[in-house]
Amino acid sequence: MLLRECPADPVEEAVEVLLRALCSGDSRDPELLLLYESLVAASRDDELRAEIAASVAQLRQWQCDWFTERGVSRPLPAAVTITAAMDGFLLQRMLDPELDPAPLVEGLVALVGHHLA
């Protein structure tokens, strides 16, 4: 779920919904495992790296635009932070399927809320 799909929600609530959605499935989901394997392969394949980098850049830009539309004072740092946190959380959750997302959600919601105009 992209933030763009939460047009009516307050920014903090939409960020929380997005992050909690990362935890709703199986940490050993075949699609997630493919993503992890693709990231490792991208370190050795320049074409794959460029394709993945373009997708991540597009995600960051969508988030940045969404934050801008909602009055977040520093939308680019918010988008970069959320994207990096999503990536890191998914990796950690693969290693520890019981990882509680609550501290991540709390911290990022507070960060984004702090930057609301």
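Note that the coordinates shown come from a computational prediction; the quantities given were computed from them, not determined experimentally.

Visitor: Is there a simple way to think about the nonpolar core in this case?
Guide: Across soluble globular proteins, you tend to see nonpolar side chains buried next to one another. By size, the foremost hydrophobic cluster in this structure holds 24 residues, and its most contacted members are Val11, Val15, Leu19, Phe67, Ile82, Met86 and Val112. Mapped by element, the contributors of at least two residues to this core are helix 1 (11–21), helix 2 (30–42), helix 3 (46–69), helix 4 (75–95) and helix 5 (102–114). At 7 residues, helix 4 tops the list of elements feeding residues into this core.

Visitor: Can you help me understand helix 5 in this one?
Guide: Side chains three or four residues apart in an α-helix point the same way, a direct result of the helix having 3.6 residues per turn. In this model, helix 5 (13 residues) spans 18 Å end to end at C-alpha, consistent with the 18 Å of a helix rising 1.5 Å per residue. When we look at burial in helix 5, the residues that qualify are Val105, Leu108, Val109 and Val112. All buried residues of helix 5 fall inside an arc of 105° around its axis, so they share one side. Away from the buried face of helix 5 by more than 90 degrees, exposed residues Pro103, Glu106 and His114 are located.

Visitor: Help me understand the pattern of salt bridges, please; the structure alone is not making it clear to me.
Guide: Side chains that carry opposite charge are capable of pairing whenever their charged atoms lie near each other. Going through the model one piece at a time under the given rule, you end up with 1 salt bridge. The residue Arg70 makes a salt bridge to Glu69 at a minimum N-O spacing of 3.1 Å. Among the residues examined, Arg70 registers a relative accessible area of 24% and is labelled partly exposed.

Visitor: Explanation requested: helix 3 in the structure shown.
Guide: A rise of 1.5 Å per residue sets the reference length of helix 3, with its 24 residues, at 34 Å; its end C-alpha atoms lie 34 Å apart and thus fit the reference within 8%. When we look at burial in helix 3, the residues that qualify are Ile52, Leu59, Gln63, Cys64, Trp66 and Phe67. Taken together, the buried residues of helix 3 touch helix 1, helix 2, helix 4 and helix 5. One side-chain oxygen at the N-terminal end of helix 3 lies 3.0 Å from the backbone nitrogen of Glu47; it belongs to Asp45. In the stretch just after helix 3, Gly71 is the one whose phi turns positive, near 85°.

Visitor: Whenever I open this one, the packing of aromatic side chains confuses me. Can you help?
Guide: Within a pair of aromatic rings, the relevant descriptors are the distance that separates the centres and the angle that separates the planes. Counted according to the given criterion, the structure contains 1 aromatic pair. Aromatic side chains Trp66 and Phe67 sit 5.6 Å apart centroid to centroid with 75° between the ring planes, which places their arrangement in the edge-to-face category. The pair formed by Trp66 and Phe67 is uniform in burial state, with each residue classed as buried.

Visitor: Before we go on, may I ask you to explain the packing of helix 3 against helix 4 in this structure?
Guide: The relative placement of two packed helices comes down to the angle between their axes together with the axis-to-axis distance. Interhelical geometry of helix 3 versus helix 4 gives an angle of 135° and a closest axis separation of 8 Å. The pairing of helix 3 with helix 4 is recorded here as oblique in orientation. Helix 3 and helix 4 meet at a crossing whose hand is right-handed. Here helix 3 contributes Val56, Leu59, Arg60, Gln63, Cys64, Phe67 and Thr68 to the contact with helix 4, which in turn contributes Pro75, Leu76, Ala78, Ala79, Val80, Ile82, Thr83 and Met86.

Visitor: Would you mind showing me how to read a negative patch on the surface here?
Guide: A cluster of acidic residues, Asp45, Asp46, Glu47 and Glu51, forms a negative patch at the surface. Inspection of the secondary structure puts Asp46 in helix 3. In this structure Asp46 comes out as exposed when scored by relative accessible area, which is 59%.

What counts, and at which threshold
- Residues numbered from 1 in each chain as written.
- Predicted model: local features only at pLDDT ≥ 70, side-chain atom pairs only at ≥ 80, totals over all residues.
- Heavy atoms only, no water.
- Core = buried A, V, L, I, M, F, W, Y, C linked by side-chain atoms within 4.5 Å.
- Buried < 20%, exposed > 50% of the residue type's maximum accessible area, 1.4 Å probe, protein only.
- Helix = DSSP H or I, 4+ residues; strand = E, 2+ residues; numbered from the N terminus.
- Expected span 1.5 Å × (residues − 1).
- Arc of directions from axis to C-beta.
- Salt bridge = Lys/Arg side-chain N within 4 Å of Asp/Glu carboxyl O.
- Contact = heavy atoms within 4.5 Å.
- Polar contact = N/O pair within 3.5 Å; in protein donor to acceptor, adjacent residues only side chain to side chain.
- Phe/Tyr/Trp six-rings, centres within 6.5 Å; stacked < 30°, edge-to-face > 60°.
- Axes fitted to C-alpha atoms, helices over the stretch in contact; angles between N-to-C directions.
- Parallel < 35°, antiparallel > 145°, perpendicular 65-115°, else oblique.
- Left-handed = near helix turned anticlockwise from the far one by under 90°.
- Patch = residues over 30% accessible without salt bridge, like charges linked within 9 Å, V, L, I, M, F, W, Y side chains within 5 Å.
- Areas by Shrake-Rupley, 256 points an atom, 1.4 Å probe, with all protein chains shown as cover.
- Lys, Arg positive; Asp, Glu negative; His and termini not counted.
- Charge placed at Lys NZ, Arg CZ, Asp CG, Glu CD.

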